[in-house]
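Commentary on secondary and tertiary structure
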Amino acid sequence: MAGTISLGDAAPVTIEIARAVIEARDHLSEIDGATGDGDHGVNMAKGFRLVVERLDGKDFDIREGFATIGDTLLSDIGGSMGPLYGSFFTEMADALDGKTEIDPATLAAMLKAGEAAIVDLGEAKVGDKTLIDVLTPSRIAVEQAAGSGKDLSATLAALRDAAATGLESTRDLVAKRGRAARLGERSRGVLDAGAASCELILRTLANGLSERLS
Amino acid sequence: MNRVINDPDRVTEDSLAGVLAAHPDLLAATEHPRVLRRADMGGTPRVGVVTGGGSGHEPAFLGYVGPGLCDAVAIGEVFASPTAKSFHAAFREADQGRGVACLYGNYAGDNMNVKMAVKLAAKDGIRVETVVANDDCASAPPDQPENRRGVAGEIMMWKAGGALSAEGADLEQVIAVSRKAIDSTRSIGIGLSACTIPANGKPNFTIEAGTMEVGIGHHGEHGIAVLPVAPAREMAAIMLEKILADMEFGGENVAVLVSGLGATPLMELYLLYGHVDEMLRARNITPTHRFVGNYFTSLEMMGVSLTLTRLDGELDRLLRAPARSIGLTVLGS
């Protein structure tokens with residue numbers, strides 16, 4: 001049926017996400033340097049480089065790809081991003097168990113499971129100036145699109161837009177979670193680094209799946 | 001960036017190899033590459049004491065593993081928390097059947113990874129209790145202790161907890177005394193220059209020439225005020241004032257720890273300590289235990305941190321107890 005994509009066809013999106021993060025290494029570290037300790041891009045890139053190495057030459061689908069990202073980040077990348085994104089990808093992979101293709105409802109289930117893991121661990125809410133300000137509105141946008149019968153292409157467009165809007169919303173927020181929380185008002189005026197990487201991941205996921213739709 | 005390194009992305013691994021080569025009497029490698037343990041765990045089973053944190057703070061954290069201190073340490077990347085798996089492996093190394101006290105600092109990443117690791121350890125039947133240090137009184141107001149960072153005061157927590165474990169106490173007692181040690185401790189730092197994470201290649205924050213950042217964090221987190229660089233005696237007064245306003249000290253014994261942040265000469269640390277000592281005595285506070293040196297650093301940041309611990313009889317006894325490690329050796333008295 002039009003508007004779905006098989007897990008096998010979606011596999012390359014795993015590598016595209018990894019490469020996007022690796023390329024954004026300095027950019028993410030720079031954003032992090034404004035309010036944090038400037039290591040966000042470095043740690044993320046290190047983790048995703050390992051992902052690329054581990055998947056190199058292997059035959060896998062996107063579920064296995066996401067499980068590899070999750071396991072690699074949990075096992076090899078510390079900081080706060082290792083457990084947060086590690087759990088996120090692990091849960092998204094688990095949400096694909098027993099599925100053969102991604103449709104709007106599956107995408108919504110993936111994001112819901114990933115978001116729940118991050119909330120459980122980080123306890124952040126919308127407005128705290130964290131990656132949740134990107135992830136939660138993105139999940140809601142996907143759920144609404146899927147619930148109102150939009151096709152996968154339109155659902156992915158909604159995901160991309162919500163993620164971009166969510167990222168921009170962090171600029172005027174005062175951080176309430178994570179290391180930047182200690183800055184109070186001084187955290188206002190700059191983007192949140194975790195929100196920036198989350199938007200990048202969701203955008204790359206949406207673009208990658210869209211390209212393979214046709 | 002003039003640094004004594006090979007590959008900027010492998011500084012942590014390469015440094016660990018040197019640590020193990022230099023201190024085989026104190027530290028041993030484990031199956032997990034980012035976990036070190038005491039070379040000799042001693043005979044009688046004790047409560048295991050574990051710490052962990054990002055690299056770049058040497059001798060913290062691995063420098064406080066040894067008799068009378070910690071049993072195992074989880075090691076993270078520069079300025080990044082160790083993984084949950086590293087903490088979990090450290091718990092397994094330290095556990096001698098009497099439970100494990102995990103004594104670490106209050107940072108988002110460490111909190112998450114420890115939380116996950118404690119769950120993993122529970123599946124192995126290992127009981128882990130935690131104390132999270134929050135001694136940096138410049139990092140949040142007094143009514144928000146949960147938002148305060150753990151800094152050099154963690155050493156007092158490790159010393160007290162490690163000494164009580166060595167006395168044979170049970171897990172509840174080790175946890176209680178570690179909590180008391182950190183609750184009785186306040187720290188504050190002043191930064192004079194930024195530092196560079198080797199993998200980044202450039203400083204991720206700036207301290208303008210001629211200024212100092214009061215209350216700076218161990219990773220360059222902003223402090224509470226940027227002031228023109230002041231003479232050492234004024235720095236001592238500023239730090240002491242903040243600490244004494246935060247917790248009641250008076251007519252009693254304290255432990256004082258002055259730590260360099262990596263690039264401040266020892267000569268200047270002693271210079272500052274002299275002022276602190278004099279100011280404390282003028283207030284009838286006696287510095288019974290005195291530590292001056294590079295105990296908890298931030299790569300090559302220039303600056304200093306001051307830590308004060310209010311002592312009761314028990315904490316005084318535990319600080320006197322013998323201990324041996326890279327960062328701290330106490331002969332015992």
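Residues numbered from 1 in each chain as written. Chains lettered and ligands numbered in written order. Predicted model: local features only at pLDDT ≥ 70, side-chain atom pairs only at ≥ 80, totals over all residues. Heavy atoms only, no water.

**Some points on the pattern of salt bridges**
Once the charged atoms of two side chains with opposite charge are near each other, the side chains can pair. In plain terms, the rule: Any Lys or Arg side-chain nitrogen found within 4 Å of a carboxyl oxygen on Asp or Glu counts as a salt bridge. Helix and strand labels come from DSSP, where a helix needs a run of H or I of at least four residues and a strand needs a run of E of at least two; each type is numbered from the N terminus. Classification of residues uses two cut-offs on accessible area relative to the type maximum, computed with a 1.4 Å probe and protein chains only: under 20% is buried, over 50% is exposed, and between them is partly exposed.
For the structure shown, the criterion picks out 35 salt bridges over all chains. As a salt-bridge pair, E77(B) and K46(A) come within 2.9 Å of each other at their nearest N and O atoms. Here K46(A) lies in helix α3 (residues 40-55) and E77(B) lies in strand β4 (residues 72-78), a pairing that spans two chains. Judged by relative accessible area, E77(B) falls into the buried class, the value being 16%. Across the pair K85(B) and D71(A) runs a salt bridge whose closest N-O atoms are separated by 3.6 Å. Remark: D71(A) occurs in helix α4 (residues 62-76) and K85(B) occurs in helix α2 (residues 84-94); the pair is interchain, linking two chains. What makes K85(B) partly exposed here is its relative accessible area of 36%.

**Details of the pairing of strand β12 (residues 302-310) of chain B**
Residues and elements named next belong to chain B. Quick reminder of the rule: Two strands are said to pair when DSSP picks up at least two bridges between them.
Across the nine residues that make up β12, a large majority, seven, are buried. Bridge count between strand β7 (residues 185-193) and β12: eight bridges; the pairing is antiparallel. Looking across to β12, one finds that G191 is bridged to G303. Of the strand pairs in this sheet, strand β10 (residues 253-260) and β12 are connected by seven bridges, and their pairing is antiparallel. Pairing of A255 across the sheet is with T309, part of β12.

**Focus: the confidence of the model for chain B**
Quick note on the threshold: Looking at any residue, its pLDDT shows the predictor's confidence there, from 0 to 100.
Overall, the prediction assigns chain B a mean pLDDT of 96, with 99% of residues at 70 or greater. Here the complex is predicted with pTM 0.86, and the ipTM for its interfaces comes to 0.71.

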